[in-house]
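# A structural walkthrough
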Amino acid sequence: MALTQVRARLGGTWTTLTYNAATGRYEGSLVPSGTSIHQPGGYYSVEVEAANQTGASASVSGAVLPSLRLVVRETAAPSLVLLAPQPGYVTVKRPVITAEASDEAGGSGLDPDSFLVSLDGAPQTAGKAVSAIAGGYRLSYTPAADLSEGGHTVTLSVADRDGNRTSISAAYTVDTVPPVLGLTTPDSRRVVDVPALEVGGTVFEETSGPAAAAVRVNGLLVEGVSVENGSFAALVPLTVGANDIVITAADGAGLRSELTLSVIRLVTDRTEADVLRVQDLCARGYAAWTAEERAWWASAPCLRGSYDERDMNRVEAAMAHIAAWLLAYGYLAGYAPPGRGPWTAAEAPRAGDAERYLRNVEALRSVLPLQDGTPETPEGMDGFTFGRANDIEKILVAVDAVRPVLDRSAWFYAGEIYAGEF
């Protein structure tokens, strides 16, 4: 009997096969719905049915005939995406490296046991973790031991159940050490009478290359600071009174080092013109002042033509600083701190406070030999002039200028500078 029809069924779909005289076979195309790994036995069982002219038919399937077992393997590798940290610098010695893996819809699915890690080319067995997430797995790796400073390469890979593998690599530079920041200028003087101070030093960063330096004074960024050949320099403007100078260095990994200088700028250049200006303003009265004059009066850290609580507070701070370092060097200056303060317009110094104030100036002036030309301490506040106001602050600048000499000197005898020379 001649066959009248041959057909094959894959899943629930029948496909009629066509006789090929050249090959002597019935042929047709069957389209599987996906990889066969999830099918019973790991294969599609194809059923073939043949019918003859009498209408009789017979069928056989892969359950009986192994040649009808269709095995389908996917060829697309799974997706593997690095989450963190991104390639570049890491500031811990054991970074946790995480990635997410997923397989396409209808694929064979990920094999969590296939997760592999290599560190600098060496396979790793410890430190791996796998957790299920929606649509796939989260893979993580934590080095079992601290990584050394410098460059490292981590490779993660994972495969699907049909053996298709995906790998990703990331290069990291481990940098856990902040840059080394050193100060070369200024010297140890912290009481000055200059409008700007040269601040400079060195920045060294071994792992992540040249470091950037920034300088702020009283919170304001100083422009024009650059690092060249490991050195930096900046001209820092000083306001009258306290100046907090903060030098910061940052490396490529974002690690920072910081140094802080506290500098007090005193006033030693009052002139008669300053006095005349203040006298003119007082004579005209506040109501007649311009907006500029009112703003200047309210904001000036020092009214150079007068002497008030702002001047005394500034000088008190400078004297306290000088007395502290003198004491640290073993010099007892006889300094007496104020019993109250800081002074305000509402609480001005009394006669006893003024006397103590000048005694402190003289005590600091007399403890060490000073340069020729250093003014004498005013004897009292009566008839106080702009020149005497300058002299007080010149004395303190001169005393503080001795400190770098003490820092450099190796010649001491009985607590005094040997030979008395600078």
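Located above this text is the structure these notes cover.
Description of the structure in this document. (Residues numbered from 1 in each chain as written. Predicted model: local features only at pLDDT ≥ 70, side-chain atom pairs only at ≥ 80, totals over all residues. Heavy atoms only, no water.)

## Observations concerning the sheet that holds strand E5 (residues 47-52)
- Reading across from one edge, E3-E2-E1-E5-E6 is the order of the five strands in this open sheet, with antiparallel pairing throughout. Only two strands of the sheet have a single neighbouring strand rather than two, namely strand E3 (25-27) and strand E6 (57-61). When the angles between neighbouring strand axes are averaged without regard to direction, this sheet yields 30°.
- In this structure, E5 lies alongside E6, joined through five bridges in antiparallel fashion. Across the sheet, residue alanine 51 finds its bridge partner in E6, namely serine 57. (Pairing = 2+ DSSP bridges. Helix = DSSP H or I, 4+ residues; strand = E, 2+ residues; numbered from the N terminus. Axes fitted to C-alpha atoms, helices over the stretch in contact; angles between N-to-C directions.)

## Notes on the layout of surface pockets
- Reported here for the largest pocket is a volume of approximately 230 Å³.
- Leu370, Gln371, Ala398, Ala401 and Val402 are the residues nearest the centre of the largest pocket, which is lined by 16 residues in total.
- At the level of secondary structure, the elements contributing two or more residues to the lining of the largest pocket comprise helix H5 (386-400) and helix H6 (403-408).
- A total of three residues in the lining of the largest pocket trace back to one element, the largest contributor, which is H6.
- Residue classes in the lining of the largest pocket are distributed as nine nonpolar, three polar and four charged.
- Of the volumes computed, that of the second largest pocket is approximately 180 Å³.
- Forming the walls of the second largest pocket are Ala8, Leu17, Gly28, Leu30, Val46, Val48, Ser67, Leu68, Arg69 and Leu70.
- Along the lines of polarity and charge, the residues of the lining of the second largest pocket split into seven nonpolar, two polar and one charged. (1 Å grid on protein atoms, 1.4 Å probe; cavity = no way out; pocket = protein on both sides within 12 Å on 5 of 7 lines; lining within 4 Å. Points joined across faces, edges and corners; volume = space filled by probe spheres on them. Nonpolar A, V, L, I, M, F, W, Y, C, P; charged D, E, K, R; others polar.)

## Remarks on the pairing of strand E10 (residues 97-102)
- Both strand E8 (residues 79-84) and E10 contribute to a ladder of five bridges, which runs antiparallel. Of the residues in E10, the one forming a bridge with alanine 84 is threonine 98.
- Looking at chain direction, E10 and strand E14 (residues 136-141) are connected through six bridges and run antiparallel. The residue of E14 that forms the bridge with glutamate 100 is arginine 138.

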